[in-house]
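Overview (structure and organization)
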Amino acid sequence: MWLKMTMWLFCTVTIDIDHVERIYTFPLHVTRVKSKMADTAGSNPFARLRTPLQVDGEKFHFYSLPALKDKRYGKLPYSIRVLLESAVRNCDDFYVNQSDVEKILDWEVNQSQDAEIPFKPSRVILQDFTGVPAVVDFAAMRDAVERLGGDPELINPVCPSDLVIDHSIQVDVSRSADALEQNQLMEFERNKERFVFLKWGATALKNMLIVPPGSGIVHQVNLEYLARVVFCMDGLLYPDSLVGTDSHTTMINGLGIVGWGVGGIEAEAVMLGQSISMVLPEVVGYKLTGQPHPLTTSTDIVLTITKHLRSIGVVGKFVEFFGSGVAALSIADRATISNMCPEYGATVGYFPVDEKSLQYLRQTGRDEKKISMIAAYMRANEMFRDFNNSDQDPVFSQVFELDLSTVSPCCSGPKRPHDRVSVSDMKTDFEQCLTNKPGFKGFGISDDKLSATMPFVYEGVEYTLQHGSVVIAAITSCTNTSNPSVMLGAGLLAKKAVEAGLSVKPYIKTSLSPGSGVVTYYLRESGVTPFLEKLGFDIVGYGCMTCIGNSGPLPETVGEAIEKGDLVACGVLSGNRNFEGRIHPLTRANYLASPPLVIAYALAGKVNVDFETEPLGTNAEGAPVFLRDIWPTREEIHAVESEFVIPSMFNEVYSRIQLGNERWNKLEAPCGTLYPWDTSSTYIQSPPFFQTMTKDMPKIQGIKDAYVLLNFGDSITTDHISPAGSIARNSPAARYLAARGLTPREFNSYGSRRGNDAVMARGTFANIRLINKLLTKPGARTVYLPTNEEMDIFDAAERYFAEGQQVVILAGKEYGSGSSRDWAAKGPWMLGVKAVIAESYERIHRSNLVGMGIIPFQYVEGENSAILGLTGRETITVELPQNLQPGQLVTVQCSDGKSFQVKTRFDTEVELVYFRNGGILNYMVRKILNTPAH
């Protein structure tokens, strides 16, 4: 049982629901405290399924699903078997009913019936970005409970939580032998206050494990170290499962663990013992066949799959991979595919446990006895797969197929992760994007400016920029830095490039941010580190960096040249997201690519290059060097990986992880149940979510004469809604910080200030590439409609609030795609947004809106704002009945006389309960206040 919080620098929180003797859980309409878990023999109607299992002489028990003797079980997708096991094990006809078990068992019929089921994951994992807000919310909830007469100590994790302080380090220093040390020193200085706050949480909150700063990226640490695959609690075995506060939690699906991203709001409820209420999902079977081409990488495979699945439409569905082609993929390859699950829109991208899963556990230094236990349990419960045995293939909702031999090298961009471009087409595609009208594949550059060039001087040498020039090249993010094949591939490419006499222009901001210390270890031991450094790819830190927008400043003369020439400069990164304004304000085009291709484009210095016909440069003899001359094959990479990626590396790195580091260990934090808020702090403030809440639940309120704060088109991401990157000097957030005596250098990033609601409210919709139909130019601006004045969005929202006016948002398809950023829902709540009317939603963001009490309305099929003739200048009225039902159609009345129906996207009864309470956290506070003394 993990009852002690030990801080690491990731922010992963894993809470094992079944590891605590006394858990305070609250049903929807009844308050009750249980002192025993549902899996105790006698209280569970499925207790007869408890079956002994002996492994290497040690005795265990488990809930045997084959012992149900139900033919339907053998047809279930393997991911659904995990949901079924959780329901069986936790069934007590109180929180989880026998009817819930039957719904899941009858998945083949119920998958398309909007059947609501509860799910209790085994643990929760928190990333630092969302870990800080989670601890802030817990602290504020404690204050609220005490104010309303309850016991604040009841606000405590009851589900095992791994909190990894996976801080987003800004790449201020690169191309330096001590870049890592300098960047980490600056980050510690900037974020000391946040770290002190987390240290308080480590002692105040129980059942939480905290990984201190500098350890790595949360998802890679989860994969390499935290993952259990099978839990053992007091001799009871059950599958590892989790939810996490980052959308790329799905990376763990590659190891056979069911888990997905949720908002911090929903994760906090799970940490307090609440089941996740979900609709039983459809499961798309994705069959992989064939063998990858020797020159393709796992990144090429995942970008191909991402485009295909996004075009199919898998939002809200599970995707489960099967077929003989899966056996050809390593766990790292599978994890790369699963990591990109949010980019293709599914809830999970699942690879069941097989022999390669066990091999990976051995490679990463897991205990052999535990591996034997895992294998025995998974086989006994028929959750273990042989991908070459088609007789094990379950029933799927739909099946799609990809022949891996057809995958070719590719990138994605220039603005979305699912806009795949073959490397052979990059030059042509980019040049077309330049002249296409502004949009996801267009920049609207006029013909007379296509040949624009801009000279500049850097370190005493003159260079020239043009459209397509690469100014950022980063090997970064959780997607690829966990995969030895692509990381060693990049190292081997760098070695061959240096030996051929090639170099990267010094003004290009290059960086390498591995996902864990293990990567540093095997790059060094294999001998490729000096060659990476020679090309400028020095290790600059461990954490989310360029991929999250913390690329740091470009050289001043480079930035001036881009702005003066109005150039479409480019970033190339091995990340998972390239939305507008995310990577850097001055890189209007950003491409996702494998780590070797990142280096290749850095060597070329531009993205509009044809590698087949254009050389990267010349060697010492003046002969041209082409990319094909230095590109390593899969066989070369595999040979190096087999020799140098070994268990001892993982054991050595992770044996030190709980020791922290000197800076972390020296931090002194306050003690006590309640946090001593500092009203002058610009990092940590008590949020206003509970300040006006009452003990009694309010009545449902509709929308009355609401103005449209913002009118959007398609694909508005959570990066548009709540940016994580640097705070612009002319923004409302900057003005707030400057008024408190901070200089621009001290502003830090929005991600770092997620514990301060005043900053985050001002940073809501602060993306410089935001396109609001109420205006003609992109930017974080809107129109205050009563006077037709243009102003900053925050200022307009404040004025509406002061005048007692409600506001809503209009949007198109895929509203809220991207990160599982809870501030993308909290921020609009703070701006007074009562509802969003959209054509469709990404799963996590819709859930987050519900969690904050914001109504997600959806146009009926075939309608949108354009078809209905909405301009955004109307006022909106929607009456809601007190007996509102999930998915109910209601009528929108506009001030110009138009009326139309929308669907209320409360998908389950539980979500309606959350909404009635004003949000999920308010619901939890009220239930705790009504908990009888024990």
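I will try to describe carefully the structure that is included in this document. (Residues numbered from 1 in each chain as written. Predicted model: local features only at pLDDT ≥ 70, side-chain atom pairs only at ≥ 80, totals over all residues. Heavy atoms only, no water.)

**Thoughts on the packing of aromatic side chains**
To keep it simple, the criterion reads: To pair, rings of Phe, Tyr and Trp, with the six-membered ring standing in for Trp, must have centres within 6.5 Å; the planes then decide the type, stacked if under 30 degrees apart, edge-to-face if over 60, and tilted in the middle. Note on conventions: DSSP H or I runs of at least 4 residues are helices, E runs of at least 2 residues are strands, and numbering of each starts at the N terminus. Type-normalised accessible area, obtained with a 1.4 Å probe on protein chains alone, sets the label of each residue: buried when under 20%, exposed when over 50%, and partly exposed for intermediate values. Cation placement over rings: the criterion is NZ of Lys or CZ of Arg within 6 Å of the ring centroid and within 35° of the ring normal.
With the rule as written, the count across this model stands at 29 aromatic pairs. With a centroid separation of 6.5 Å and 25° between ring planes, the pair formed by F712 and Y815 is classed as stacked. One end of the pair, F712, is in the loop between β26 (703-711) and α25 (718-721); the other, Y815, is in the loop between β29 (807-810) and α29 (823-830), with 103 residues separating them in the sequence. The exposure classification of F712 matches that of Y815, with both residues buried. One Lys or Arg, R524, reaches over the ring of Y521 and ends 5.0 Å from the middle of that ring.

**Considering the sheet that holds strand β10 (residues 258-261)**
The condition is simple: The pairing criterion is simple: DSSP has to find at least two bridges between the two strands. Fitting a line to C-alpha atoms yields each axis, with helices limited to the stretch in contact; the angle taken between N-to-C directions then spans 0 to 180 degrees. Whether two residues are in contact is decided by their heavy atoms, any of which lying within 4.5 Å being enough.
If you walk across this open sheet you meet the five strands as β6-β5-β4-β9-β10, and the pairing is parallel. The sheet terminates laterally at β6 (208-211) and β10, the two strands that pair on one side only. Neighbour-to-neighbour, the strand axes of this sheet turn through a mean angle of 15°, independent of strand direction. Bridge count between strand β4 (residues 123-127) and strand β5 (residues 161-164): four bridges; the pairing is parallel. Residue pairing in the sheet places L126 in a bridge with L163 of β5. Contacts from helix α4 (residues 128-147) reach β4 and β5 within the one sheet, and its direction differs from that of β4 by about 105°.

**What about helix α12 (residues 355-363)?**
So the rule is basically this: The directions considered for the arc run from the helix axis to the C-beta atoms. Pairs of N or O atoms are called polar contacts if they sit within 3.5 Å, as long as, within protein, a hydrogen donor faces a hydrogen acceptor (for residues adjacent in sequence, only side-chain-to-side-chain pairs).
All buried positions along α12 are accounted for by S357, L358, Y360 and L361. Along α12, the residues classed as buried sweep out an arc of 155° about the axis, all on the same side. Tucked inside the fold, the buried residues of α12 contact α7 (218-226), α10 (331-339) and α13 (368-380). Two or three places before K356, at the start of α12, stands the capping residue D354, its side-chain oxygen 3.2 Å from that residue's backbone nitrogen.

**Quick look at the pattern of salt bridges**
The cut-off we apply is this: The salt bridge definition used is simple: a Lys or Arg side-chain nitrogen within 4 Å of an Asp or Glu carboxyl oxygen.
A complete count under the given rule lists 40 salt bridges for this structure. Where K317 meets E282, a salt bridge forms, and the shortest distance between an N and an O atom there is 3.7 Å. Within this pair, whereas K317 is found in the loop between α9 (298-312) and β13 (318-322), its partner E282 is found in the loop between β11 (276-279) and β12 (283-289), the two being separated by 35 residues in sequence. R334 is the partner of D354 in a salt bridge, and the nearest nitrogen-oxygen pair spans 2.9 Å. With D354 in the loop between β14 (348-350) and α12 and R334 in helix α10, this residue pair connects regions lying 20 residues apart in the sequence. For the pair formed by D354 and R334, the shared burial category is buried. Members of the salt-bridge network, linked through shared partners, are R735, R781, E790, D792 and D795.

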